[in-house]
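Structural description and commentary
Listed below are the residues making up each chain.
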Amino acid sequence: MNTLETAIATHPFTKDLNPHYLHLLTGCATYERFGVQQQILQETFDADRFYLIHSGHVALQTFIPSRGVTTIETIGGGEVLRNVERS
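To keep things clear, this report deals only with the structure shown in the data block.

With that out of the way, let us pick up the overall build of the chain. Counting secondary structure elements, the chain contains 2 helices and 4 strands. Start at the N end of the chain and walk to the C end: the helices and strands fall as α-α-β-β-β-β. Evaluated residue by residue, the chain yields a buried proportion of 18% over its 87 residues. Within the chain, contacts between residues separated by at least 24 positions form 44% of all contacts whose residues are at least 6 apart in sequence. About 7,000 Å² of surface is accessible on the chain, with carbon and sulfur atoms providing 51% of the total.

With that out of the way, let us pick up a nonpolar patch on the surface. Among the surface-exposed residues, Leu17, Tyr21 and Leu24 lie close enough to one another that they form a single nonpolar patch of about 290 Å² accessible area. Assignment of secondary structure puts leucine 24 in helix α2 (residues 19-27). Here leucine 24 falls in the partly exposed class, since its relative accessible area comes to 46%.

So, on to the side chain of threonine 70. Tracing the sequence through the fold places threonine 70 in strand β3 (residues 68-76). Within the local environment of threonine 70, its side chain forms a polar contact with the backbone oxygen of glycine 68, the two atoms lying 3.3 Å apart. Among residues more than four places away in sequence, those in contact with threonine 70 are Leu60, Gln61, Thr62 and Ile64.

This part is about the pairing of β3. As paired elements, strand β2 (residues 57-64) and β3 share 8 bridges and run antiparallel to each other. Of the residues in β3, the one forming a bridge with phenylalanine 63 is valine 69. Adjacent in sequence and paired antiparallel, β2 and β3 are bridged by 3 residues.

Okay, unusual backbone geometry next. Of all residues except glycine, most have a negative phi; of all peptide bonds, most are trans. Although it is not a glycine, glutamine 37 adopts a positive phi angle of roughly 70 degrees. Its place among the elements puts glutamine 37 in the loop between α2 and β1 (50-52).

A few words now on the environment of histidine 57. The topology assignment puts histidine 57 in strand β2. With 20 residues separating them in the primary sequence, histidine 57 and glycine 77 have C-alpha atoms 6.6 Å apart. If we skip the residues at most four places from it in the chain, histidine 57 touches Thr74, Ile75 and Gly76.

What counts as what
- Residues numbered from 1 in each chain as written.
- Predicted model: local features only at pLDDT ≥ 70, side-chain atom pairs only at ≥ 80, totals over all residues.
- Heavy atoms only, no water.
- Helix = DSSP H or I, 4+ residues; strand = E, 2+ residues; numbered from the N terminus.
- Buried < 20%, exposed > 50% of the residue type's maximum accessible area, 1.4 Å probe, protein only.
- Contact = heavy atoms within 4.5 Å.
- Areas by Shrake-Rupley, 256 points an atom, 1.4 Å probe, with all protein chains shown as cover.
- Patch = residues over 30% accessible without salt bridge, like charges linked within 9 Å, V, L, I, M, F, W, Y side chains within 5 Å.
- Salt bridge = Lys/Arg side-chain N within 4 Å of Asp/Glu carboxyl O.
- Polar contact = N/O pair within 3.5 Å; in protein donor to acceptor, adjacent residues only side chain to side chain.
- Pairing = 2+ DSSP bridges.

This is the structure we're talking about:
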């Protein structure tokens, strides 16, 4: 297995995934690294991907008019960040 395939195959989100689907997922996956304070996605972005967090932490934030930017959840290694499109 290559490094990307290993990272996906050993992630808790994919641990019970059929090997056929694992192969398909790996075929369209890319490895991305984000810097500290780098914005990954925004509420108005298209919901066209999801991220398997391998290491580090991601803060989910929203803007609340009376409070400013507020962290609503922090996601760490082994968890999934989903870009969910609003209706």
